[in-house]
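One letter stands for each residue in the lines below.
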Amino acid sequence: FLDDWQPPEAAGVSIPARMEALWIDLYERQYIEADDVKLLQLWLKALVECGYKFPRIKRNRYHNVMVMGQFDQEVQSNRDIIYWQQKWKEAFRHVQVRGPFPDNQLEALNKAGVEAYGSDDEGETAHNHKGNNETAMSNLGTALEQQVSIPGVDGVMYIQDNVIGNVNVLARRGHA
């Protein structure tokens, strides 16, 4: 439910209005009780009354493009991949990573909420059977085929891992 939830237009760009809309939708689907909605409303009212300023909502999130990160280096830390995915998720709704990930790394990435793929269409581990360029094009082709089935997604933005690493370093230094 939460992966696909979108605030109604009436909620606008206010965090309190969006929180209230979410709580109401959760109540309507029987995830929470009516008292939970009332308590949220009271809590938000108390925050406003004591002068709390809610942060502004970023409006630059793209829904019609999927970002695909191609990782060709066999040794990539999960931390860097998760960080990379989180940074791109700030601007794009659909983000995935593909590369020669061992099964245990693939499992850890997916468990951490990263949409990660480690093998080609035939189920073979990419780095064992193909060269990097051929694997990258195969992964891009698979991503393009997959994006067709995602409503509202019109294309794929492809990013290679040597750029990915540089973006992570720049972001940690405060430049991204």
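Anyway, here's the lowdown on the structure attached to this text. These numbers were taken from a predicted model, which means no experiment stands behind them. (Residues numbered from 1 in each chain as written. Predicted model: local features only at pLDDT ≥ 70, side-chain atom pairs only at ≥ 80, totals over all residues. Heavy atoms only, no water.)

1. Focus on the environment of His63
So, step 1. Among the structural elements, His63 can be located in strand 1 (residues 62–70).
So, step 2. Apart from the residues lying within four places of it in its own chain, the contact partners of His63 are Gln6, Arg93, His94, Gly152 and Val153. (Helix = DSSP H or I, 4+ residues; strand = E, 2+ residues; numbered from the N terminus. Contact = heavy atoms within 4.5 Å.)

2. Notes on helix 2 (residues 34–49)
So, step 1. Here helix 2 is 16 residues long and its end C-alpha atoms lie 23 Å apart, about the 22 Å a rise of 1.5 Å per residue gives.
So, step 2. One or two residues past the end of helix 2 sits Gly51, with phi positive at roughly 95°. (Expected span 1.5 Å × (residues − 1).)

3. Some words on the nonpolar core
So, step 1. Among the nonpolar cores identified, the biggest contains 15 residues, and Ile81, Trp84, Val97, Phe101, Leu109 and Val114 are the most heavily contacted of them.
So, step 2. Counting only elements with at least two residues in this core, the list comes to helix 3 (78–89), strand 2 (92–98) and helix 4 (103–111).
So, step 3. Judged by nonpolar contacts, the second largest core, of 7 residues, contains Met66, Leu140, Val153 and Val156. (Core = buried A, V, L, I, M, F, W, Y, C linked by side-chain atoms within 4.5 Å. Buried < 20%, exposed > 50% of the residue type's maximum accessible area, 1.4 Å probe, protein only.)

4. Here we look at a nonpolar patch on the surface
So, step 1. Where nonpolar side chains cluster on the molecular surface, the patch consists of Phe1, Leu2 and Tyr31 and spans about 330 Å² of accessible area.
So, step 2. Its place among the elements puts Tyr31 in the loop between helix 1 (15–28) and helix 2. (Patch = residues over 30% accessible without salt bridge, like charges linked within 9 Å, V, L, I, M, F, W, Y side chains within 5 Å. Areas by Shrake-Rupley, 256 points an atom, 1.4 Å probe, with all protein chains shown as cover. Salt bridge = Lys/Arg side-chain N within 4 Å of Asp/Glu carboxyl O.)

5. Points about helix 1
Residues spaced three or four apart along an α-helix face the same direction, because each turn holds 3.6 residues.
So, step 1. Spanning 14 residues, helix 1 covers 20 Å between terminal C-alpha atoms, matching the ideal 20 Å at 1.5 Å per step.
So, step 2. Inspection of helix 1 places Pro16, Met19, Ala21, Leu22, Asp25 and Leu26 among the buried residues, and these make up the whole buried set.
So, step 3. Looking at the buried positions of helix 1, the neighbouring elements they touch are helix 2.
So, step 4. For helix 1, the N-terminal capping position is held by Ser14, with its side-chain oxygen 3.2 Å away from the main-chain nitrogen of Ala17.
So, step 5. The first or second residue beyond helix 1 is Gln30, which carries a positive phi of 65°. (Polar contact = N/O pair within 3.5 Å; in protein donor to acceptor, adjacent residues only side chain to side chain.)

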